[in-house]
Amino acid sequence: MDKELLKIENLTIGFPTKSGIHTVVDHVNLEVGKGEIVGIVGESGSGKSMTSLAVMGLLSEEAQVSEGSIQLNGQELLGMSREERRKIQGKNMSMIFQEPMTSLNPVMKIGTQVGESLKLHTDLDKEAIRGRVIEALASVGLRNPELLVDQYPHEISGGMRQRVMIAMAIINHPDLIIADEPTTALDVTVQAQILNLLKKIHRDTGSSILFISHDLNVIKEVCQKVVVMYKGVIVERGDAKEVLKHPKHEYTRKLVASMPDQVRKSQNTKKLLEVQDLNVYYKENKKLFSSKDKRKHIIHGMSFDLYEGEILGVVGESGCGKSTLAKTIVGLNREYDGKLEMDHLKPQMVFQDPFSSLNPARKIGWILEEPLKLKGIKDKKQRKELVNQMLTEIGLDPSFANRYARELSGGQRQRISIGLSLMRGEKLIIADEPVSALDVTVQSQILRLLLKLHDEKNLTYMFISHDLNVVHHMCHRVIVMYLGRIVEMADVDELYDHPCHPYTRMLFDSILTDEEKETTDSITVNEILPETVDGDGGCPFYGRCRYAGENCLSEVPTLTDIGTPGHPHLVRCERIAYGEKYTAAD
Ligand code: SF4
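Since the structure is predicted, the reported quantities are computational estimates derived from the model, not experimental observations.

Colleague: Would you explain the overall build of the protein in this entry?
Modeller: For the protein, the helix and strand inventory stands at 22 helices and 21 strands. Buried residues in the protein amount to 50% of all 586 residues. Sequence-distant contacts, at least 24 apart, represent 68% of the contacts inside the protein between residues at least 6 apart. Accessible surface, the protein: about 27500 Å² in total, of which carbon and sulfur atoms supply 48%.

Structure below.
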């Protein structure tokens, strides 16, 4: 190992409970060398964040460190006074949190917050600090840093806020940066930009990074070494790629196996849903003295079919209209024109956050019985039996009927939400990011449950997700959406083997590892993406496309079929329409 920077020995942390001390970090030993990136991976409750908070001295008052030592550059951190800590934080080490909105002060200007540690640790005057802040904001890829310094966190996007947090963390060139799930709350492309940025900072400054994540792909992408934590204990450690390729511990194996590369096929040709030239609008608040409602055009002329038994994936960044599409199909949005036909079906929806769709004042049994009452089943005993049967089908004990939603874990709540969508016997389920809020192992359990129910009950899913790995695992066919339009649609194998639209390829590139990028004809995500443009005057992707030419601005490109008979592969791109191919040399 390179010269040791951070050394954690026998770290043990617990919380007092009625029945004694509950240990959450148990004799953890960990080293980070100078210039190294070490990942800690594990699900929530594994102790990974507690370990990083202990290093930063940010443990809550109740937490008790009963044993161990944490040394930075040979200096013991445990037992330091607040004053001694302040001298180190921001100067020798800094932290990037998962949710910048909660860690940035909402009433303080961005410039003041980013410059805070310079004020504390240097003799620079106000002007010099402002200059350094502008430099730091520019170095993390933020445009117009001179204007940004005078803005507040709520005035900028989530991706920009995360860049501000990173600027804050690096402004004093710390030896160690602790990044705690820094990309978990972000879109897939923004995630890739932030990871690229962290790697660039590591290359340019030589800072060491302790990288905490539940996402194995992210760990593989960024870290040289990894430790795997489970229930407060390190169960495996080693070279990141090696550990993830040949996991030894049972838990690591379970983590790695939680996303098997399973591709599924559907042969059915019975149409359950027909969407033709669908335009969806969002009604904006009527202006004072104006007689007209203002409508924002969200979805532009979408056409596709969904076949019985099929799992159709819809991918795209937030704001692409995928959730609006889902809500329109289930009848939660009536501002649309075009054809939306559903063969006498009442599609049911499974949401990302099941908590909001489960009545907190009612027991699970009551919630699951509701659709049966609406269906006209009057016999209480029969309803109870059907509820028990559904609980068993979704992998829960019938005793869950007597619990409240707040007493359940995220995964259990999502099981209930899936069960609820099936209580009336409906066959078409629209699942909107159903696993994005869950831990990786729970994610895989819910995905398996969805596949099991799909097979057993011959269900049809529209599966909306920003996670390309999950979509690959689940779906037969995939729609890629960009700013309210389909930009590519094909069978899952075809799309993942031959992504054609520059936007699709950019999405895929954001999940490739460095190694794969070297051997793939791929498009690198720009460090700084231009703002999206409204596509009414030309290709909606024009502002972000490195292949854009003059032709692309004349009109919105139409969908061209480049597939084979029976296997359409639709792409909305001028250059594809003219038979051009993109190459790495482009
Ligand atoms: S039409 Fe032009 S701008 Fe749009 S994706 Fe194709 S090459 Fe890029």
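Picking up after the structure, the text goes on.
Colleague: Which parts of the structure should I look at to understand the site of the ligand?
Modeller: Contacts to the ligand come from 13 residues, most closely from Cys539, Cys545, Cys552, Cys573 and Glu574. Among the detected pockets, the ligand sits in the largest cavity. Along the lines of polarity and charge, the residues of the shell around the ligand split into ten nonpolar, one polar and two charged.

Colleague: What's the story with the environment of asparagine 458 in this structure? I'm lost.
Modeller: Structurally, asparagine 458 can be placed in the loop between helix 17 (440-457) and strand 17 (460-465). Separated by 149 residues in sequence, asparagine 458 and glycine 309 have C-alpha atoms that sit 5.6 Å apart. Look past the residues within four positions of asparagine 458 in its chain and what remains in contact with it is Glu308, Gly309, Lys427 and Leu453.

Colleague: Whenever I open this one, helix 4 (residues 110-121) confuses me. Can you help?
Modeller: Structurally, the α-helix is built with 3.6 residues per turn, so residues lying three or four positions apart point the same way. Taken residue by residue, helix 4 has Ile110, Gly111, Gln113, Val114, Gly115, Ser117, Leu118 and His121 as its buried positions. Turning to helix 4, the residues buried within the fold contact helix 2 (82-88), helix 5 (126-139), helix 6 (145-148) and helix 7 (158-170).

Colleague: Looking at this structure, I do not really get helix 20 (residues 502-509). What am I missing?
Modeller: By the criterion of burial, helix 20 is predominantly enclosed, with eight of the eight residues buried. The complete set of buried residues in helix 20 reads Pro502, Tyr503, Thr504, Arg505, Met506, Leu507, Phe508 and Asp509.

Colleague: Sorry if this is basic, but what is going on with the packing of aromatic side chains here?
Modeller: Describing an aromatic ring pair means giving the distance of the ring centres and the angle of the ring planes. Scanning the entire structure with this criterion turns up five aromatic pairs. On the numbers, 5.0 Å between centres and 90° between planes, the contact of tyrosine 482 with phenylalanine 541 is edge-to-face. Note that tyrosine 482 is positioned in strand 18 (residues 477-482) and phenylalanine 541 in the loop between helix 21 (514-519) and strand 20 (560-561), a separation of 59 residues in sequence. Given the relative accessible area of 2%, phenylalanine 541 is considered buried. Judged by centre distance (5.4 Å) and plane angle (65°), the rings of tyrosine 503 and phenylalanine 541 are edge-to-face. With tyrosine 503 in helix 20 and phenylalanine 541 in the loop between helix 21 and strand 20, this pair connects stretches of sequence that are 38 residues apart. Comparing tyrosine 503 with phenylalanine 541, the two get one shared label, buried.

Colleague: Could you clarify how one ought to interpret unusual backbone geometry in this entry?
Modeller: Glycine aside, negative phi is the norm for most residues, and most peptide bonds take the trans geometry. Despite not being glycine, asparagine 10 has its phi angle at roughly 50°, a positive value. Within the element layout of this structure, asparagine 10 appears in strand 1 (residues 4-17). Judged by its relative accessible area of 33%, asparagine 10 falls in the partly exposed class. Even without a glycine there, the phi angle at histidine 173 is positive, about 50°. Looking at the element boundaries, histidine 173 is found in the loop between helix 7 and strand 7 (176-180). Judged by its relative accessible area of 56%, histidine 173 falls in the exposed class.

Colleague: Explain the sheet that holds strand 3 (residues 37-41) here, please?
Modeller: Strand pairing within a sheet occurs via backbone hydrogen bonds; the two strands may be parallel or antiparallel. Ordered by their spatial adjacency, six strands build an open sheet running 6-7-8-3-9-10, and the pairing between neighbours is mixed. The sheet is open, and its two borders are formed by strand 6 (93-96) and strand 10 (233-239), each paired with just one other strand. Averaged over all pairs of adjacent strands, the angle between their axes in this sheet comes to 15°, without regard to strand direction. Both strand 9 (residues 225-230) and strand 10 contribute to a ladder of six bridges, which runs antiparallel. Bridge assignment links valine 227 to a residue of strand 10, and that residue is arginine 237. Against the sheet, helix 7 engages strand 6 and strand 7, with an angle of about 175° to strand 6.

Colleague: I would appreciate a short explanation of the nonpolar core in the present structure.
Modeller: Note on soluble globular proteins: their nonpolar side chains tend to be buried together. Core analysis: the biggest nonpolar cluster contains 58 residues, and Leu391, Ile416 and Phe463 have the highest contact counts within it. In terms of residue count, helix 17 provides more of this core than any other element does, seven residues in total. Setting aside its immediate chain neighbours within four residues, isoleucine 416 contacts Leu358, Ile364, Leu368, Leu391, Ile394, Leu396 and Leu408. Grouped together as the second largest cluster of nonpolar side chains are 46 residues, Met165, Cys223, Ala240 and Leu244 included.

Colleague: Honestly, the pairing of strand 18 in this entry has me stumped. Any pointers?
Modeller: On any regular strand, side chains alternate: one points to one face of the sheet, the next to the other face. Of all six residues in strand 18, six are buried; the element is thus mostly enclosed. Residues Arg477, Ile479 and Met481 of strand 18 are buried on one face, and the alternating residues Val478, Val480 and Tyr482, pointing to the opposite face, are buried as well. Relative to strand 18, strand 13 (residues 311-315) is paired through four bridges, and the arrangement is parallel. Within the sheet, the bridge partner assigned to valine 314 lies in strand 18 and is isoleucine 479. The pairing of strand 18 with strand 19 (residues 485-491) spans six bridges and is antiparallel. Among the inter-strand pairings, isoleucine 479 is bridged to a residue of strand 19, identified as methionine 489. Once strand 18 ends, the chain turns through two residues before running back antiparallel as strand 19, passing leucine 483 with a positive phi of about 45°.

Parameters and conventions
Residues numbered from 1 in each chain as written. Predicted model: local features only at pLDDT ≥ 70, side-chain atom pairs only at ≥ 80, totals over all residues. Heavy atoms only, no water. Helix = DSSP H or I, 4+ residues; strand = E, 2+ residues; numbered from the N terminus. Buried < 20%, exposed > 50% of the residue type's maximum accessible area, 1.4 Å probe, protein only. Contact = heavy atoms within 4.5 Å. Areas by Shrake-Rupley, 256 points an atom, 1.4 Å probe, with all protein chains shown as cover. Near = heavy atom within 4 Å. 1 Å grid on protein atoms, 1.4 Å probe; cavity = no way out; pocket = protein on both sides within 12 Å on 5 of 7 lines; lining within 4 Å. Sits in = over half its atoms within 2 Å of the grid points. Nonpolar A, V, L, I, M, F, W, Y, C, P; charged D, E, K, R; others polar. Phe/Tyr/Trp six-rings, centres within 6.5 Å; stacked < 30°, edge-to-face > 60°. Pairing = 2+ DSSP bridges. Axes fitted to C-alpha atoms, helices over the stretch in contact; angles between N-to-C directions. Core = buried A, V, L, I, M, F, W, Y, C linked by side-chain atoms within 4.5 Å.

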